[in-house]
Every structure is written in C-alpha cells, then in structure tokens.
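Here are the chains, one letter per residue:
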Amino acid sequence: MDRKQLQYQVACMRKSLFDQGYLDEQFNQLEDLQDEANPNFVEEVVTLFYSDSSRFIHNIEQAMINKPNIDYGKLDDYMHQFKGSSSSFGAKKVKKECSQFRECCSAGNIEGCIKTFRQLKARACHFEEEAGNILSAGKTSWNR
C-alpha cells in the first residue's frame, strides 16, 4: 500500500472514532502538539493511556472484590483518576462511563457500579483496539 493510501486509511479510521463518539475535540488538541520535534507524541500518549487504563481497571476490579464491604470512596477516587486520564486524552465515551460509575458510587449502588464498569471496560477495550489499528496501519500517521 502506498503512502497516500495508508494516510487515507488512517484518516478514515480516525474519523470513524470521532463519528462513533469515542473521541472529542481534546484529541485534536493533542494532535496539534505533535510536530517535527515530537513526531511520536500521539503514539506515546496513546500508549500511556493504554497503560493507565489497564492499571485503573485492575485497581477498580480489586476494590470491587470486597463485596459487600465496598469502599465507595476508594472506588470513586480510582474512577476520578480514570476520568481525568480519559478527559485529557479525549476519550469521550470512556469519560462518560466514568461519570456514570461515579454517580453509582455516590448513590452506594453496587449493582449500578458493576453494570457501568462492564460497559466502561467494553468501551475502553473497543477504543484501544481501534486506536491500535490506527497505530499499526500508519505507525505515527495520526496527523490529520
């Protein structure tokens, strides 16, 4: 596949993430920070987001194991961090699920937490797969 075809493919996959609501304007701002001095900036941020997501998901799963003695404050703290990471990255759907989870924590609703957490994990996993496809297709071709 030639370079123009590859760039077109990457642009289509990127647009799909926006069209599906997985990314928001914050991601455009991250892309604007990538330049000749930092040619792999977006790839590095995506990789960091993957790492953070995995850590947050693991911590939340561990905190929810203590059912019925759930520490909602601890869960809320973990999810607050996850939401911050998602917001700074532009992961719109993940951020939305984080907000819903936090609402369930505030209400002491463990069933709501479990349901929302499953959705959050699915959204994060789907997003990571799609972003990974873009990275593997164009390596550092996130540029618009």
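Cut-offs and rules
- Residues numbered from 1 in each chain as written.
- Predicted model: local features only at pLDDT ≥ 70, side-chain atom pairs only at ≥ 80, totals over all residues.
- Heavy atoms only, no water.
- Core = buried A, V, L, I, M, F, W, Y, C linked by side-chain atoms within 4.5 Å.
- Buried < 20%, exposed > 50% of the residue type's maximum accessible area, 1.4 Å probe, protein only.
- Helix = DSSP H or I, 4+ residues; strand = E, 2+ residues; numbered from the N terminus.
- Contact = heavy atoms within 4.5 Å.
- Phe/Tyr/Trp six-rings, centres within 6.5 Å; stacked < 30°, edge-to-face > 60°.
- Lys NZ or Arg CZ within 6 Å of the ring centre and 35° of its normal.
- pLDDT = per-residue confidence, 0-100.
- UniProt positions renumbered as here; feature names shortened; annotations may be inferred.
- Axes fitted to C-alpha atoms, helices over the stretch in contact; angles between N-to-C directions.
- Parallel < 35°, antiparallel > 145°, perpendicular 65-115°, else oblique.
- Nonpolar A, V, L, I, M, F, W, Y, C, P; charged D, E, K, R; others polar.
- Disulfide = S-S within 2.5 Å.

(A) Local environment of the nonpolar core. In terms of nonpolar packing, the biggest core is built from 38 residues, with Ile 60, Phe 82, Phe 89 and Phe 101 touching the most fellow members. Every element with two or more residues in this core is listed here: α1 (3–19), α2 (25–33), α3 (41–64), α4 (72–89), α5 (92–107) and α6 (110–138). Sorting elements by how many residues they give to this core places α6 first, with 10 residues. Filtering out sequence-adjacent residues up to four positions away, Phe 82 remains in contact with Ser 53, Phe 56, Ile 57, Ile 60, Val 94, Cys 98 and Leu 120.

(B) The packing of aromatic side chains, seen in detail. Using the criterion set out here, one finds 8 aromatic pairs in the structure. Ring pairs connect the aromatic residues Phe 18, Tyr 22, Phe 27, Phe 49, Phe 89 and Phe 127, which therefore count as one cluster. The ring of Phe 56 carries the charged tip of Arg 55 above its face, separated from the ring centre by 4.6 Å.

(C) Geometry of the confidence of the model for the chain. On average, residues of the chain score 88 in pLDDT, and 94% of them are at 70 or above. Ranking the helices and strands of the chain by mean pLDDT puts α5 first, with 95, and α1 last, with 86.

(D) Quick peek at the UniProt feature "modified residue: Phosphohistidine" (unreviewed entry) in the chain. According to UniProt, the "modified residue: Phosphohistidine" (unreviewed entry) feature falls on His 80. Relative to the assigned elements, His 80 resides in helix α4.

(E) Representation of the side chain of Ser 53. Summarising the element assignment, Ser 53 is placed in helix α3. Leave out the neighbours within four places in its chain, and Ser 53 touches Phe 82 and Glu 128.

(F) Structural context of the packing of α2 against α3. Remark: α2 packs on α3, axes separated minimally by 8 Å, with the N-to-C direction vectors making an angle of 130 degrees. In this view, α2 runs oblique relative to α3, as classed from their interaxial angle. Of the residues in α3, those in contact with Phe 27, Leu 30, Glu 31 and Leu 33 of α2 are Phe 41, Val 42 and Val 45. Broken down by class, the residue content of the contact of α2 with α3 amounts to 6 nonpolar, no polar and 1 charged.

(G) Representation of the state of the cysteines in the model. Applying the stated criterion across every chain yields a total of 0 disulfides. Here Cys 113 is not cross-linked by a disulfide; its sulfur's nearest cysteine counterpart is in Cys 105, at 3.8 Å. Given a relative accessible area of 0%, Cys 113 falls into the buried group.

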